Structure formats: C-alpha cells, structure tokens
Amino acid sequence: MIIREIKEAELNELLELYIHLHETGVPEGNEKLKDTWGTIINDNNHHIIVAEENGKLVSSVVCVIIPNLTRNVRPYAFIENVVTHSDYRKQGYATACLNYARDIAKKENCYKMMLLTGSKDESTLNFYKQAGYNSADKTAFIQWL
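Residues numbered from 1 in each chain as written. Predicted model: local features only at pLDDT ≥ 70, side-chain atom pairs only at ≥ 80, totals over all residues. Heavy atoms only, no water.

Engineer: Sorry, what's going on with the sheet that holds strand 4 (residues 76-84) here?
Structural biologist: Working definition: the strands of a sheet are paired by backbone hydrogen bonds and lie parallel or antiparallel to each other. Pairing is mixed in the open sheet, where five strands are placed in the order 1-2-3-4-5. Single-partner strands in this sheet number two, and they are strand 1 (2-5) and strand 5 (113-115). Across this sheet, the average inter-strand angle for adjacent strands is 25 degrees, counted without regard to direction. (Pairing = 2+ DSSP bridges. Helix = DSSP H or I, 4+ residues; strand = E, 2+ residues; numbered from the N terminus. Axes fitted to C-alpha atoms, helices over the stretch in contact; angles between N-to-C directions.)

Engineer: Quick question: what am I supposed to make of the packing of aromatic side chains here?
Structural biologist: Aromatic rings considered in pairs are described by the distance between their centres and by the relative angle of their planes. The final tally for this structure, using the stated rule, is three aromatic pairs. Judged by centre distance (5.9 Å) and plane angle (75 degrees), the ring pair of Y88 and Y93 falls under edge-to-face. Comparing Y88 with Y93 shows no difference in burial state: the two are buried. Residue placement shows K112 over the ring face of Y76; its charged tip is 5.4 Å from the ring centre. (Phe/Tyr/Trp six-rings, centres within 6.5 Å; stacked < 30°, edge-to-face > 60°. Buried < 20%, exposed > 50% of the residue type's maximum accessible area, 1.4 Å probe, protein only. Lys NZ or Arg CZ within 6 Å of the ring centre and 35° of its normal.)

Engineer: Please clarify how the pattern of salt bridges should be interpreted in this entry.
Structural biologist: Any two side chains of opposite charge can pair if their charged atoms end up close together. The tally for this structure, following the rule as stated, stands at four salt bridges. Put simply, R4 and E10 hold a salt bridge, and the shortest N to O gap is 2.6 Å. Here R4 matches E10 in class, with each residue buried. Close ionic contact of K107 with E108 constitutes a salt bridge, the shortest N to O distance being 3.6 Å. With a relative accessible area of 30%, E108 lands in the partly exposed category. Linked by salt bridges that have partners in common, R4, E10 and E52 make up one network. (Salt bridge = Lys/Arg side-chain N within 4 Å of Asp/Glu carboxyl O.)

As structure tokens, then:
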C-alpha cells in the first residue's frame, strides 16, 4: 500500500473511484471539469490523498486547509469525500489516508480537523470514531443549494 497525494494525470482514476462514494457515473470531461481540476490541483491548501495498491487507486480522502483568524491565527482542516473502492474496504486504506491527512494538518499547525458524513450506518460512524473523530463537540448544519 502506498499513501500519497494525487498526481495531476490521475483525475479519471479518481472520478472512477468516486462512483463508490455516491456518484452514479463519471462526469463529462468538459471545460468546467478541466477548470475545476486545475483549480484543485494547483491549490496548495487542497490535498487529495490516495491509497494505491498494485498501481490502482483504491481509496481517497480530501483534506482542505482553511486559513483562520481565530485560535491564534491557526488554520483548521476540513475532511471530505472519504471513499474506498468496494472491493478494498475494511483493509485499512481509508484509515491510512485519514492518518496522512492528520499529518498534513499537524504540519500546517491546524488546531482541529472537521469531518462531515451523510452516512447513518453505525459501522461507518464507528469507523470515524475509531479514527479519532467525535460527534459530541460540534453540531453540523447543512443548507443544500
């Protein structure tokens, strides 16, 4: 298992992996997709961490470092799009990606990491608890646009 940040040429592999998240297909490779990918890949605060097994991307986590004016001007990290290919689940790939994200957050002097999940599945929630996250400290609200 290799844990690392994604390479620019791996967009299509990442999009294929996202089908195992909640997507129903790979988006059309239009200018909007290319522009968005360019923005993400060139943003030093946007980290897409991947687990690679035998040359295949099998898990991924997005970690965004958000500059902040409070907490002694320390940033915080936001974790999103935690996904593992269904054939590779429960083998430690997502945990390794989350640990890599934590290392980035520590290196960037973040004072906290936040993670949101839409899952109500008890095993998924327990996975996040075992990874060090809790649901007691904050209350999340979402407004869909």
